[in-house]
Amino acid sequence: MVSTVVVKIISAVYKIPLTAYIGAAGRGCFSVAYNLCMPIHALTMGAFPIALSKLVSTYNAKGDYLKIKAVKKASGRLFFIVGTAGMMIMILAAEPYAKGVASSPKSLYTILALAPSVLFSCLAASKRAFAEGYLDMKPTALSQVIEALFKMVFGLLFARFSMSYLYDSYCKSGAVLGIPAAGEEDALSQIYPLTAACAMLGVTLASIASWIFSAVYTNSRYNSFPAGKIDVREGMNELVMFSLPLVGATAVQSIANFIDTASIQYSLTLVDKAALSLQYNISGDDVYTYLYGIYSAALDFKNLVPGIVMSLGVTAVPAVSAAYESSTERFTALMNSILKYTSVLACAGGGVLSLFSGDILSLFYGSSNSDIAENGSSLLFLFGVTMLPCCIASTAVYCVQSLGYSKQIILPFLVSAVVRCTLNLLLVSRAEINILASAVSNFAGFLIIAVWSILILKKKINCRVSILNVFVKPIICTSVVYFAVKIIREAVFTGLSDFWSFALSLLIYGVILAFLLILLKIISLSELKTNK
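Sequence order as written defines residue numbering, which begins from 1 separately in each chain. The predicted nature of this model means local features are confined to residues of pLDDT at least 70 and side-chain atom pairs, given and counted, to a pLDDT of 80 or more, with totals for whole chains, interfaces and linings taken over all residues. Working from all heavy atoms in the structure, the side-chain values ignore hydrogens and water.

Draft legend 1. Broad picture of the state of the cysteines. When two cysteine sulfur atoms are found within 2.5 Å, that pair is recorded as a disulfide. In this structure the tally under the stated criterion is 0 disulfides. Here Cys198 is not disulfide-linked; the sulfur of Cys29 is the nearest cysteine sulfur, at 12 Å. We note that Cys390 lacks a disulfide partner, and the nearest cysteine sulfur, in Cys391, lies 5.3 Å from it. Given the relative accessible area of 6%, Cys390 is considered buried. Note on classification: 1.4 Å probe, protein chains only; a residue is buried when its accessible area is under 20% of the maximum for its type, exposed when over 50%, partly exposed between these limits.

Draft legend 2. Expanded view of the pattern of salt bridges. Here, a salt bridge means any side-chain nitrogen of Lys or Arg that lies within 4 Å of a carboxyl oxygen of Asp or Glu. Within this structure, the stated rule accounts for 9 salt bridges. Measuring nitrogen to oxygen at the nearest pair gives 3.3 Å for the salt bridge that ties Lys138 to Asp136. The class for Lys138 is partly exposed, based on a relative accessible area of 44%. The class for Asp136 is buried, based on a relative accessible area of 4%.

Draft legend 3. Representation of the side chain of Ser416. Locating Ser416 in the fold gives a position in helix α16 (residues 410–428). Between two residues, a contact is recorded if the distance between any of their heavy atoms is within 4.5 Å. Among all residues touching Ser416, those that are not within four sequence positions of it are Gly445, Phe446, Ile448 and Ile449. Helical segments are the DSSP runs of H or I of at least four residues, strand segments are the runs of E of at least two, and each set is numbered from the N terminus.

Draft legend 4. A look at empty space enclosed by the protein. Put simply, the grid is 1 Å and covers the protein atoms alone, a cavity is a trapped set of points that fit a 1.4 Å probe, a pocket is an open set with protein on both sides within 12 Å along at least five of seven lines, and lining residues have an atom within 4 Å of a point. Grid points are joined across faces, edges and corners, and a volume is the space filled by probe spheres set on the points. Counted according to the given criterion, the structure contains 1 cavity of 30 Å³ or more. Computed from the structure, the largest cavity encloses a volume of approximately 80 Å³. What lines the largest cavity is simply Gly28, Val32, Ala102, Ser103, Ser104, Gln265, Leu268, Thr269, Tyr288, Thr289 and Tyr292. Gly counts as polar in this scheme, as do all residues outside two lists: the nonpolar Ala, Val, Leu, Ile, Met, Phe, Trp, Tyr, Cys and Pro, and the charged Asp, Glu, Lys and Arg. Per-class residue counts for the lining of the largest cavity are 5 nonpolar, 6 polar and no charged.

Draft legend 5. Seen up close, the packing of helix α9 (residues 273–280) against helix α10 (residues 287–302). Helix axes are fitted to C-alpha atoms over the stretch in contact, other axes to C-alpha atoms as well, and angles between N-to-C directions run from 0 to 180 degrees. As a packed pair, α9 and α10 sit with axes 10 Å apart at the nearest point and diverge in direction by 45 degrees. As judged from the angle between their axes, α9 and α10 are oblique. Considering the relative orientation of α9 and α10, their crossing is left-handed. Every residue of α10 that contacts α9 at Lys273, Leu276, Ser277 and Tyr280 is listed here: Val287, Tyr288 and Leu291. Among the residues forming the contact of α9 with α10, the class breakdown is 5 nonpolar, 1 polar and 1 charged. Roughly parallel refers to an angle under 35 degrees, roughly antiparallel to one over 145, roughly perpendicular to one between 65 and 115, and oblique to any angle outside these ranges. Two helices cross in a left-handed way if the nearer one is turned anticlockwise from the farther one by less than a right angle. They cross in a right-handed way if the turn is clockwise.

See below:
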């Protein structure tokens, strides 16, 4: 979890100067590439790592180390095949998606630059998931930090030098890579997608660095196995058979997320371009890409909270599996603890985003891209208010998958996709709401998945979730703190600068929230002990 926080902070810091180099239109191209990559990435990464860590954990508990050795060898081959297939799918789908779905043909360059990262991310995942089977999260944590640092350093370097080179070329020749530009605005509209693609090369380079570290760590630490004949084919079959239900569920989840993002992009194109230009005070032909860039900038901060909370779900896979084998009481206690801390983190993070939405965007983008701060604050506020179902859904789905009930979550993902897509088509396409409606569809879709997943746990294994402790108390506690800090800020800090008003208010928010969480016994220090 600590590494996830560090990674999210690095990613947030990285995207500030990146956006300054590539602009909102470039961020739109950047996000279009990720939108295509994420369902492919989720499909290749969502099922097989869980299966690998589950099998390693099971055989380690039984002391069957030859089986672990077979699974390790098989996983290397399987993840290479899956990663290569994912990379090829992304390359083949690049042009149809960029032109036909996203209405952003200039995003083609960023998609192709990102495609190799699918392969190397899969190779790294095979090493990390193997260590996770031993409840060793260090390679996962450290490789994520390394990947984030490489992405930040080389992504910014590539973006800066490509921007300087292309803009200097335009100033000297009046053309960008030999293509004449009618003026500076036209030149920048050609430069930003190319600069975004160069920055994306940093992401691919970072995935290679993550794979190298994970491979060195895992191969050196977990390479002592007893002599004996192993059946790699059997290990491969076990991985595939255990993964199949997960693949089906992940495929549905990936398709659902893809449909959601694609429907947002498509619904935006149904809005009159002139109306959007007037509302957001922008000009040019890239209005839809620009507005999606605003959406992506707000989404960066919104995704910080689920990204941090997701580490609970990843860690829960072997822990929940072991607790389930132990006793129903232990399993129920662990599940309530996991869901409760998910709820606490979601409410606390959502409260920060909603209370300080304008401050956060102004702090990061006020000097370089003030239009992002101005046009994105309302959306970030709505993302904060609707945060809880998103986080609960992620953790609950991980727990359901870890117990082998992956088929059971296919239907809720399908229903969620239909609801989200319908709401996007109905609301995002309305000029007066447009991109703000994405928060509404996001809330409704994840609420369905969260409730359904918890009901699966209750029905299948009689897990009793305490609604009062897990949901009601954190929501009430955060709501009280939200309004208290809002009143204090408006009454006391009006004479301070925006920065100090924000900083002091955030400090007060954290102190009061921590005090209430401990006072009401929502969190317990005994639950936070680390097993050595």
